[in-house]
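Geometric and topological summary
So you can see what is in the structure, the chains are spelled out below.
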Amino acid sequence: DTGVSQNPRHKITKRGQNVTFRCDPISEHNRLYWYRQTLGQGPEFLTYFQNEAQLEKSRLLSDRFSAERPKGSFSTLEIQRTEQGDSAMYLCATRQGGTEAFFGQGTRLTVV
Amino acid sequence: GESVGLHLPTLSVQEGDNSIINCAYSNSASDYFIWYKQESGKGPQFIIDIRSNMDKRQGQRVTVLLNKTVKHLSLQIAATQPGDSAVYFCAENAGNMLTFGGGTRLMVKP
């Protein structure tokens, strides 16, 4: 257990529904990242927060995706109007400054 | 659980042998590098890191080598054990961004 908690672990949803995932970081970590991982690939960057500020967002990220980190602690990632291509593992990672990033166990999303 | 890395390059080694996993990175501005291990159905787990002002760093049974001239990173695992079977990813850090390369699947034969 790295100390980074993600919920839910698994989510099955029907196409067109909205889903929201949560990440609780290690408490003193000011940087939080969301990644997406599909089978056979490395984690793909989605977005990055430093404290409550969203500082980076992938240009490949659809506007159906939105993330928040309202108080600089936990973060949520919402996907609106899900599509089958959104099926993936969604990973959260946190770090303090420029140190190693610790990952949660991920949320496995299946869109049917 | 779901398998990770079904279509990744695979390195197959005999238990007890040494393993070497290679990674080419792309950004010459990257100043920090991390190796992660990912088991099926789990998130990546930190193994070892190295800063760009170093060319070698050793941990317990693992060594990371960095060659900035050719933008190459390697992970050496000594006396490979069945528990080392997993997918291994390298990550490069430039500024605030941590970017992952494609992984390598390590299979350890008993």
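Please refer to the structure higher up on the page.
Residues numbered from 1 in each chain as written. Chains lettered and ligands numbered in written order. Predicted model: local features only at pLDDT ≥ 70, side-chain atom pairs only at ≥ 80, totals over all residues. Heavy atoms only, no water.

What to know about the pattern of salt bridges
Residues and elements named next belong to chain A. Tallied over the entire structure, the rule returns 8 salt bridges over all chains. Residue Arg36 pairs with Glu44 through a salt bridge whose shortest N-O separation is 3.4 Å. Residue Arg36 is classed as buried on the basis of its relative accessible area of 15%. In this structure Glu44 comes out as partly exposed when scored by relative accessible area, which is 30%. (Salt bridge = Lys/Arg side-chain N within 4 Å of Asp/Glu carboxyl O. Buried < 20%, exposed > 50% of the residue type's maximum accessible area, 1.4 Å probe, protein only.)

Some points on the pairing of strand S4 (residues 31–37) of chain A
Residues and elements named next belong to chain A. Burial of S4 is extensive: 7 of the 7 residues sit out of reach of the surface. Burial along S4 is two-sided: the residues Arg31, Tyr33, Tyr35 and Gln37 and Leu32, Trp34 and Arg36 are all buried. Across 6 bridges, the pairing between S4 and strand S5 (residues 44–50) is antiparallel. For Tyr35, the partnering residue across the bridge sits in S5 and is Phe45. Here S4 folds back onto S5, and the loop between the two strands holds 6 residues, one of which, Gly40, carries a positive phi near 85°. Summarising the sheet, S4 and strand S9 (residues 88–95) pair through 7 bridges and their orientation is antiparallel. Within the sheet, the bridge partner assigned to Leu32 lies in S9 and is Thr94. (Helix = DSSP H or I, 4+ residues; strand = E, 2+ residues; numbered from the N terminus. Pairing = 2+ DSSP bridges.)

Looking at the sheet that holds strand S2 (residues 19–24) of chain B
Residue and element names in this part refer to chain B. Sheet architecture is open: 4 strands sit in the order S2-S7-S6-S5, paired in antiparallel fashion. The open sheet has two free edges, formed respectively by S2 and strand S5 (56–58), since each of these has just one partner strand. Each neighbouring strand pair of the sheet contributes to a mean axis angle of 15°, computed without reference to strand direction. Here 6 bridges tie S2 to strand S7 (residues 72–77), and the two strands are oriented antiparallel to one another. Paired with Ile21 across the strands is Leu75, a residue of S7. (Axes fitted to C-alpha atoms, helices over the stretch in contact; angles between N-to-C directions.)

Brief notes about the side chain of Thr104 of chain B
Residue and element names in this part refer to chain B. Along the chain, Thr104 falls in strand S10 (residues 104–109). Relative accessible area serves as the criterion here: at 14%, Thr104 is assigned to the buried category. Once residues within four sequence positions are removed from consideration, Thr104 is found in contact with Pro9, Leu11, Ile21, Asn22, Ala86, Val87 and Tyr88. (Contact = heavy atoms within 4.5 Å.)

Description of the sheet that holds strand S3 (residues 19–24) of chain A
All names here are of chain A. Here we have 4 strands laid out as an open sheet, ordered S1-S3-S8-S7, and antiparallel in their pairing. The open sheet has two edge strands, strand S1 (5–7) and strand S7 (65–68), and neither has a second partner. On average, adjacent strands in this sheet sit at an angle of 15° to one another, irrespective of strand direction. Across 3 bridges, the pairing between S1 and S3 is antiparallel. Of the residues in S3, the one forming a bridge with Asn7 is Arg22.

What to know about the state of the cysteines
Residue and element names in this part refer to chain B. Scanning the entire structure with this criterion turns up 2 disulfides over all chains. Here Cys23 engages in a disulfide with Cys90; their sulfurs sit 1.6 Å apart. Of this pair, Cys23 sits in strand S2 while Cys90 is found in strand S8 (residues 86–94), placing the two residues 67 residues apart along the sequence. Here Cys23 matches Cys90 in class, with each residue buried. (Disulfide = S-S within 2.5 Å.)

Observations regarding the environment of Trp34 of chain A
Residues and elements named next belong to chain A. Here Trp34 lies in strand S4. Look at Trp34 and you get buried, because its relative accessible area is 0%. Each C-alpha atom, one on Trp34 and one on Phe49, is 8.9 Å from the other, the two residues being 15 residues apart in sequence. Within the structure, the side chain of Trp34 is placed 2.9 Å from the side chain of Ser75, a separation counted as a polar contact. (Polar contact = N/O pair within 3.5 Å; in protein donor to acceptor, adjacent residues only side chain to side chain.)

Describing the interface of chain B and chain A
Every contact between the two is made by 25 residues of chain B and, on the other side, 25 residues of chain A. Regarding the contact of chain B and chain A, the summed buried area is about 1,900 Å², with carbon and sulfur atoms giving 55% of it. At the junction of chain B with chain A, the criterion picks out 0 salt bridges. Inspection of the chain B/chain A interface yields 9 residue pairs in polar contact (both at pLDDT 80 or more). (Buried area = accessible area lost by both parts, 1.4 Å probe.)

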